[in-house]
Amino acid sequence: MDSDLPVLVRPSRDDDVEPMLAIYRRHIRRGVEAGVEDTGSPQPDDLRDRRKNLRNRRLPHLVATRGGEVVGYAYVVPFRKRPAYRFAVKHSIYVHHEHLGRGVGRLLMQALIDACAAAGFRQMIGYIDAENTASLTLHERFAFARVGLLPGVAYRYGRWCDSVMVQRSLGAGATQPAS
C-alpha cells in the first residue's frame, strides 16, 4: 500500500515543478469562487526560475516524496528585502490534499528548520489561515509562537478570513550578535 512507503525529503528538482504547481494551485483556489482570476499563480518556467534563484541565495526549497511521487513541498523566501532582515525568512509548506494528516508536513517542517538553521538564519516567520487548526498545531509543536493576527485579510468561502503570524527562533536567535 502507498501509505506503507516511507516519505523522503530532499531538495527539489526541475522535474518536481509540475506536481508542486498542482499542489499549490489546489491550495490557493480553496474557497475562492469561480470566476475570480488567479493572475499570481506561477507558471512552470516561473517556478523553475524561482527555484534556481532561491538555491543561489542559500534558501532551502524541498520536496517530500512517497514512492517517487511528490506529496508536498516547502521553501523559504527572505522575510524582507532590506539587508537588516537578511537573517529572517518566511516559510511556506504545501501538502498534497490526499496526504494530509500523514506526517508529511511534520517531516517537511523539521527538514526546513534544520536547513534554515544550517544556513545561518535566525528567525522563521509564517502566515497561517486562522481556521487551519492542523497547521497552527503543527507550528506550535515546532515551537512557533503566535506573534500577530491579521484580521480580514483573505476573502474565501464568501466571508472575510483572518491570518495568524507565527515566528520561531533558530540557533542563537536574537540572543547573540550575527556572525
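Basis of the calculations
- Sequence order sets the numbering: in each chain, residues are counted from 1 along the sequence as written.
- Given that the model is predicted, a residue must reach a pLDDT of at least 70 before its local features are reported, and side-chain atom pairs must reach 80 or more before they are shown or counted; all residues, however, enter totals for whole chains, interfaces and linings.
- Only hydrogens and water are set aside; all other atoms, that is, all heavy atoms of the structure, feed into the side-chain values.
- A side-chain nitrogen of Lys or Arg and a carboxyl oxygen of Asp or Glu constitute a salt bridge if their distance falls within 4 Å.
- Relative accessibility decides the category of a residue: with a 1.4 Å probe and only protein chains considered, values under 20% of the type maximum give buried, values over 50% give exposed, and everything between is partly exposed.
- Secondary structure elements follow DSSP: runs of H or I no shorter than four residues count as helices, runs of E no shorter than two count as strands, and numbering proceeds from the N terminus.
- Residues with no salt bridge and a relative accessible area higher than 30% make up the patches, which join like charges within 9 Å and nonpolar side chains (Val, Leu, Ile, Met, Phe, Trp, Tyr) within 5 Å.
- For the area figures, the Shrake-Rupley method with a 1.4 Å probe applies, and any residue is considered shielded solely by the protein chains shown.
- Here a polar contact means two N or O atoms within 3.5 Å. Within protein one must be a hydrogen donor candidate and the other an acceptor candidate, and residues neighboring in sequence count only if both atoms are side-chain atoms.
- Any pair of residues with heavy atoms lying within 4.5 Å of one another is described as a contacting pair.
- A pair of strands is considered paired only if DSSP assigns at least 2 bridges between the two.
- Angles run from 0 to 180 degrees between N-to-C directions of axes, and those axes are lines fitted to C-alpha atoms, restricted for helices to the stretch in contact.

J.: Let's hear about the pattern of salt bridges: which residues, and what values?
T.: Where charged atoms from two side chains of opposite charge come close, those side chains can pair. Inspection of every chain in the model, using the stated rule, returns five salt bridges. A salt bridge links aspartate 15 to arginine 13; the nearest nitrogen and oxygen atoms lie 3.3 Å apart. A relative accessible area of 55% places aspartate 15 in the exposed class. Between arginine 159 and glutamate 131 there is a salt bridge, with its nearest N and O atoms 2.7 Å apart. Note that arginine 159 is positioned in strand S7 (residues 159-169) and glutamate 131 in the loop between strand S5 (123-129) and helix H4 (133-141), a separation of 28 residues in sequence. A relative accessible area of 47% places glutamate 131 in the partly exposed class.

J.: A description of a nonpolar patch on the surface should follow, citing residues and the corresponding values.
T.: A grouping of Tyr127, Leu150 and Val153 is seen on the molecular surface, where their side chains present a nonpolar patch of about 250 Å² in accessible area. Within the element layout of this structure, tyrosine 127 appears in strand S5.

J.: Give me the lowdown on the side chain of histidine 139, citing residues and values where you can.
T.: Tracing the backbone shows histidine 139 in helix H4. In this structure the side chain of histidine 139 is engaged in a polar contact, spanning 2.8 Å, whose partner is the side chain of histidine 91. The residues contacting histidine 139, other than those within four sequence positions of it, are His91, Met109, Ile128, Phe144 and Val166.

J.: Explain the sheet that holds S5 residue by residue, including any values.
T.: Here seven strands make up an open sheet; going across it, the order is S1-S2-S3-S4-S5-S7-S6 and the pairing mixed. The outermost strands of the open sheet, each flanked by one partner alone, are strand S1 (7-11) and strand S6 (145-156). Neighbour-to-neighbour, the strand axes of this sheet turn through a mean angle of 25°, independent of strand direction. Two strands pair when backbone bridges link them, and strand S3 (residues 69-78) and strand S4 (residues 88-95) are joined in this way by seven bridges, in the antiparallel orientation. Within S4, the residue paired with valine 77 across the bridge is lysine 90. Helix-sheet contacts for H4 involve S4, S5, S6 and S7, and the interaxial angle to S5 is about 160°.

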